[in-house]
Amino acid sequence: MMDFAKDILEVLEENARATPEEIATLLGRSEEEVAAEIRSLEEAGVIRKYMTMINWEKIDDGYVYAIVELKVSLSRDKGYDAIAERIARFSEVQSVRLISGDHDISFTVRGRSMKDVAFFVTEKISTLEGVESTCTHFVLKSYKEHGVILYDRAQPKRLVVTA
C-alpha cells in the first residue's frame, strides 16, 4: 500500500490541483480509494500543505529574498533544533535547514526590500542566543524553485514569408 501512497504524493507534488478523479485515472484505481488515501496522508501529517508556485520576479512589486547562513554555539540545554525551531517561527522565514560545512543553519528569508531583510537579520536573528555569526546572500535571480523552471525562453522571431 505504501507504493500507492507514494504514487499519489508524486502526482500531487507535480500538480497540487490534481483531483482524486484525475489521480485515480492516472493510477488505475478508484476515485474513492484515492480520496481515502489522500485523507489518510493529510491526517498523518505527510501532506502538510497544497502550494501555488508564483514567480514573484514577474510582478513589479515583488519580494526580495536572501539566503542566510548561521554559525551557532551550542549549550547543554540548546541544540541546533531549538535554534532552528525559533527561527522557523518568524513569518519572514520561508525555509530553515541544518547544513554541513562552514555554517550550521541556513534559512531563506523574504522581505519587501533589501533594507527590510537586512534589518530582520540584524535585529531579530543575530540577537538570538546561540547565534555566533550570520552571512547573508541576497538572491539576485531565481532560475528554478521547487522543481519549477522560472525563466521563459525567448522564442525566435520569424518573419512571415508569403509566395
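Residues numbered from 1 in each chain as written. Predicted model: local features only at pLDDT ≥ 70, side-chain atom pairs only at ≥ 80, totals over all residues. Heavy atoms only, no water.

**Considerations on the overall build of the protein chain**
What the protein chain contains, in helices and strands, is five helices and six strands. In the protein chain, the order of α-helices and β-strands from amino to carboxyl end is α-α-α-β-α-β-β-α-β-β-β. Its C-alpha atoms give the protein chain a radius of gyration of 22 Å, clearly above 15 Å, the size a compact globule of 163 residues would have. C-alpha extents for the protein chain along the principal axes are approximately 65 × 60 × 30 Å. Restricting to contacts in the protein chain with at least 6 residues of sequence separation, those with at least 24 account for 61%. Split by element, the accessible area of the protein chain, about 12,300 Å² in all, is 49% carbon and sulfur. Each charge sign in the protein chain was given a centre, from 22 positive and 29 negative side chains, and these centres are 6 Å apart. (Helix = DSSP H or I, 4+ residues; strand = E, 2+ residues; numbered from the N terminus. Rg over C-alpha atoms; globule rule 2.2 N^0.38 Å. Contact = heavy atoms within 4.5 Å. Areas by Shrake-Rupley, 256 points an atom, 1.4 Å probe, with all protein chains shown as cover. Lys, Arg positive; Asp, Glu negative; His and termini not counted. Charge placed at Lys NZ, Arg CZ, Asp CG, Glu CD.)

**Considering the pattern of salt bridges**
Counted according to the given criterion, the structure contains two salt bridges. For Glu33, the salt bridge is made with Arg29, and the minimal N-O distance between the two is 3.4 Å. Note on Arg29: relative accessible area 32%, which makes it partly exposed. (Salt bridge = Lys/Arg side-chain N within 4 Å of Asp/Glu carboxyl O. Buried < 20%, exposed > 50% of the residue type's maximum accessible area, 1.4 Å probe, protein only.)

**What to know about the sheet that holds strand β4 (residues 131–138)**
An order of β2-β3-β1-β4 is seen for the four strands of this open sheet, with the pairing classed as antiparallel. Each of the sheet's edge strands pairs with one partner strand only, and the pair in question is β2 (93–98) and β4. Neighbour-to-neighbour, the strand axes of this sheet turn through a mean angle of 20 degrees, independent of strand direction. Bridge count for strand β1 (residues 64–72) against β4 is seven bridges, and the pairing is antiparallel. Counted as the bridge partner of Lys71 is Ser133 from β4. Taken strand by strand, helix α5 (residues 114–125) contacts β1, β2, β3 (105–111) and β4, and its axis lies near 170 degrees from that of β4. (Pairing = 2+ DSSP bridges. Axes fitted to C-alpha atoms, helices over the stretch in contact; angles between N-to-C directions.)

**Some points on a negative patch on the surface**
A contiguous patch of negative charge on the surface is contributed by Asp3, Asp7, Glu10, Glu13 and Glu14. Relative to the elements of secondary structure, Glu10 occurs in helix α1 (residues 2–14). (Patch = residues over 30% accessible without salt bridge, like charges linked within 9 Å, V, L, I, M, F, W, Y side chains within 5 Å.)

**Some remarks on the side chain of Thr108**
By the secondary structure assignment, Thr108 is in strand β3. Here Thr108 falls in the buried class, since its relative accessible area comes to 18%. When neighbours within four sequence positions are excluded, Thr108 is seen to be in contact with Tyr65, Ala66, Ile67, Glu92, Val93, Gln94 and Ser95.

**Thoughts on the nonpolar core**
Residues Leu70, Ile87, Phe107, Val109, Phe120 and Ile125 are the most contacted members of the largest nonpolar core, which totals 19 residues. Apart from residues lying up to four places away in sequence, Ile87 is in contact with Leu70, Val93, Val96, Phe107, Ile125 and Leu128. Judged by nonpolar contacts, the second largest core, of 12 residues, contains Ile8, Leu12, Ala18 and Ile38. (Core = buried A, V, L, I, M, F, W, Y, C linked by side-chain atoms within 4.5 Å.)

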